[in-house]
Amino acid sequence: MPETSTIAIIPAAGVGSRMGVETPKQYLRLAGGKTMLETTTGIFCAIAEIDRVVVAVSPGDPYAGNLDLGRAELFRTGGESRAQTVTQTLAALAVEAAPGTLVLVHDAARPLVRRSDILALIGKAGEVIREGSAAGAVLAAPVHDTVKRADGTGILTEDISREGLYRIATPQAFRLGELLAALLGCPQATDESSAMRAAGSAVAVLECPADNIKVTRPEDLAFVNRLINREGEERTMDIRIGLGYDSHRFASGRKFILGGVEIPSEMGLAGHSDADALLHAVTDAILGAAKRGNIGVLFPDTNPKYEGADSGKLLRAAWDLVRTDGWRIGNLDCVVIAQKPKLNPHVPAICASIAAILEIDPERVSVKPKTNEGMGFEGRMEGVSVQASVLLTR
Ligand code: MG
């Protein structure tokens, strides 16, 4: 491979514990349906100036093999830290690639990076290396906010001038041999520029827009999806509606649990789980909107594991699955048809309970009790039925 070749490395071995979901964040789906890793990788694969694109995952990663990563090569060189992953990937590449190869390292969790900024960075790194003014370059956003330091109790203690301050982003572009040596000497580095500077090399900065953010918290995902929706010419916001229905028979000697709230009642509801018909209908509405199957398939009543199950936990598990696809709840509206007991006094507690399970504002949850005027099985007090509808957006 000639010394002028360019390789992009996308370390994707992190577990993303701050996102609050089990799936590592690089595998969460964004608006448009692709995972974050596919979206980020696709931007680099579409740049002809980049000769190879390498995605580095953990040796035991069960997700990446099923993705559409285009021409990217999958390396199972992930380590305990980002620095270790990049080091091991560079070491694997160094077997065949020349030390002078330009390497761009980019976070999988920065799916909003612009093609034009990547091309500008390749140009800038080549320029500073040729001139000898720096060993490489990084993208960074200038800090426009006033910056201060606070002590451990939340009291501001120091005013810091924002003059010359940057938030360091990625990609970061250096020559393979120098970067590998620098990382080997600085395994605790949180980014490549820190390791290069620790090794005594100068690093040039190239300004990029502030929206080249790293997805770290759930609200970052919503921000990324809003921008993807705004920028995609033919793409609009993805909106889905879901419908759920459930009914349970009245039975004596059972509790009457609705929406996770125990309601005082002479009769309870029969069922394999706790027979919470409202949570079952809500679960099916959410699964239906996201085309993720239904409650009977996910939690079969033939499985003894779900006997007497807390339906709140089942709803939570279903919602975690749907959230992983990038969905957020617009609102939830439900009708509970029960001749008895009187449910209106319990509506605020039921809405709060459902909202707590889904971690959403109770203002987005509505529950409307109805009698059936004495007609049908609900009217005859044989059981209750529930209808639920949900709006999902991403
Ligand atoms: Mg049910």
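First things first, this report covers the structure right here in the doc. This is a predicted model, so every value here is computed, not measured.

The rules we used
Residues numbered from 1 in each chain as written. Predicted model: local features only at pLDDT ≥ 70, side-chain atom pairs only at ≥ 80, totals over all residues. Heavy atoms only, no water. Helix = DSSP H or I, 4+ residues; strand = E, 2+ residues; numbered from the N terminus. Rg over C-alpha atoms; globule rule 2.2 N^0.38 Å. Contact = heavy atoms within 4.5 Å. Areas by Shrake-Rupley, 256 points an atom, 1.4 Å probe, with all protein chains shown as cover. Donors = N, O, S within 2.8 Å, 3.2 Å for Na, K, Ca; no water. Buried < 20%, exposed > 50% of the residue type's maximum accessible area, 1.4 Å probe, protein only. Core = buried A, V, L, I, M, F, W, Y, C linked by side-chain atoms within 4.5 Å. Salt bridge = Lys/Arg side-chain N within 4 Å of Asp/Glu carboxyl O. Expected span 1.5 Å × (residues − 1). Pairing = 2+ DSSP bridges. Axes fitted to C-alpha atoms, helices over the stretch in contact; angles between N-to-C directions. Patch = residues over 30% accessible without salt bridge, like charges linked within 9 Å, V, L, I, M, F, W, Y side chains within 5 Å. Arc of directions from axis to C-beta. Polar contact = N/O pair within 3.5 Å; in protein donor to acceptor, adjacent residues only side chain to side chain.

**A word on the overall build of the protein**
Then, number 1: From N to C terminus, the protein includes eleven helices and 16 strands.
Then, number 2: Taking 2.2 N^0.38 as the reference for a compact globule, 394 residues should give roughly 21 Å; the C-alpha atoms of the protein span a radius of gyration of 27 Å, well beyond that estimate.
Then, number 3: Overall, the protein is about 85 × 50 × 40 Å in size when its C-alpha atoms are taken along their principal axes.
Then, number 4: Expressed as a percentage of contacts within the protein between residues at least 6 apart in sequence, the contacts between residues at least 24 apart total 69%.
Then, number 5: Accessible surface, the protein: about 18,900 Å² in total, of which carbon and sulfur atoms supply 51%.

**Quick notes on the coordination of the magnesium ion**
Then, number 1: Protein ligation of the magnesium ion involves Asp246 (OD), His248 (NE2) and His280 (ND1), the donor distances falling in the range 2.1 to 2.2 Å.
Then, number 2: The motif formed by the donor residues of the magnesium ion, counted along the single chain, is D-x1-H-x31-H. Here Asp246 and His248 have matching classes, each one buried.

**Re the nonpolar core**
Then, number 1: The biggest cluster of nonpolar side chains holds 48 residues, and the ones touching the most others in it are Leu278, Ile286, Ile354, Leu358 and Leu392.
Then, number 2: When residues of this core are traced back to their parent elements, those giving at least two are helix 7 (277-289), helix 9 (311-324), strand 14 (328-337), helix 10 (347-358), strand 15 (365-370) and strand 16 (383-393).
Then, number 3: Top element by residues in this core is helix 7. It accounts for nine residues.
Then, number 4: Within the second largest apolar cluster, 35 residues are counted, among which are Ala8, Ile47, Val128 and Leu206.

**Let's talk about the pattern of salt bridges**
Any two side chains of opposite charge can pair if their charged atoms end up close together.
Then, number 1: Applying the stated rule across the entire model yields 17 salt bridges.
Then, number 2: A salt bridge links Asp159 to Lys148, with the nearest nitrogen and oxygen atoms 2.9 Å apart. With Asp159 in strand 7 (residues 156-160) and Lys148 in strand 6 (residues 147-150), the pair connects residues that are eleven residues apart, well separated along the chain.
Then, number 3: By relative accessible area, Asp159 is classed as exposed at 60%.

**Digging into the side chain of His280**
Then, number 1: Among the structural elements, His280 can be located in helix 7.
Then, number 2: Not counting residues within four places of it along the chain, the set of residues in contact with His280 comprises Asp246, His248, Ser273, Asp274, Ala275, Ile295 and Ser311.

**Let's talk about the environment of Leu332**
Then, number 1: Inspection of the secondary structure puts Leu332 in strand 14.
Then, number 2: Sequence separation between Leu332 and Ala285 is 47 residues; the distance between their C-alpha atoms is 8.9 Å.
Then, number 3: Not counting the four nearest positions on each side in its chain, Leu332 is found in contact with Val282, Ile354, Leu358, Arg364, Val365, Ser366, Ser389 and Val390.

**Digging into helix 7**
Then, number 1: Along its 13 residues, helix 7 runs 18 Å from first to last C-alpha, staying within 8% of the 18 Å computed at 1.5 Å per residue.
Then, number 2: Among all positions in helix 7, only Ala277, Leu278, Leu279, His280, Ala281, Val282, Thr283, Asp284, Ala285, Ile286, Leu287 and Ala289 are buried.
Then, number 3: Positive phi appears at Lys291, one or two residues downstream of helix 7, with a value of about 50°.

**Observations regarding the sheet that holds strand 15**
Sheet strands line up and pair through hydrogen bonds in the backbone, either parallel or antiparallel.
Then, number 1: Across the sheet, which stays open at both edges, the five strands sit in the order 13-10-16-14-15 with mixed pairing between neighbours. Pairing within the sheet leaves two strands with one partner each, and these edge strands are strand 13 (268-269) and strand 15.
Then, number 2: In the sheet, strand 14 pairs with strand 15 via six bridges, with the strands oriented parallel. Residue pairing across strands places Asp333 opposite Ser366, the latter belonging to strand 15.
Then, number 3: Packed on one face of the sheet, helix 7 meets strand 10 (239-251), strand 14, strand 15 and strand 16 and runs near 155° to strand 10.

**Here's the deal with a nonpolar patch on the surface**
Then, number 1: Together, Tyr166, Ile168 and Val205 give the surface a local cluster of nonpolar side chains, amounting to about 220 Å² of exposed area.
Then, number 2: With respect to the helices and strands, Tyr166 occurs in strand 8 (residues 166-175).
Then, number 3: On the basis of relative accessible area, Tyr166 is assigned to the partly exposed category, the value being 31%.

**Here we look at the pairing of strand 16**
Then, number 1: Across the eleven residues that make up strand 16, a large majority, eight, are buried.
Then, number 2: Bridge analysis of strand 10 against strand 16 gives eleven bridges, and the strand direction is antiparallel. Across the sheet, the residue bridging to Asp246 is Val386, located in strand 16.
Then, number 3: Where strand 14 and strand 16 come together, nine bridges link them in antiparallel fashion.

**Considerations on helix 4 (residues 176-184)**
Then, number 1: Inspection of helix 4 places Leu176, Leu179, Leu180, Ala182 and Leu183 among the buried residues, and these make up the whole buried set. Viewed along the axis of helix 4, the buried residues span an arc of 165°, placing them on a single side of the element.
Then, number 2: Tucked inside the fold, the buried residues of helix 4 contact helix 2 (82-94), strand 4 (102-105), strand 8 and helix 5 (192-198).

**Some words on the side chain of Asp191**
Then, number 1: Mapped onto the elements, Asp191 comes out in the loop between helix 4 and helix 5.
Then, number 2: A polar side-chain atom of Asp191 sits 2.8 Å from a polar atom in the side chain of Gln172.
Then, number 3: Setting aside its immediate chain neighbours within four residues, Asp191 contacts Arg82, Ile168 and Gln172.

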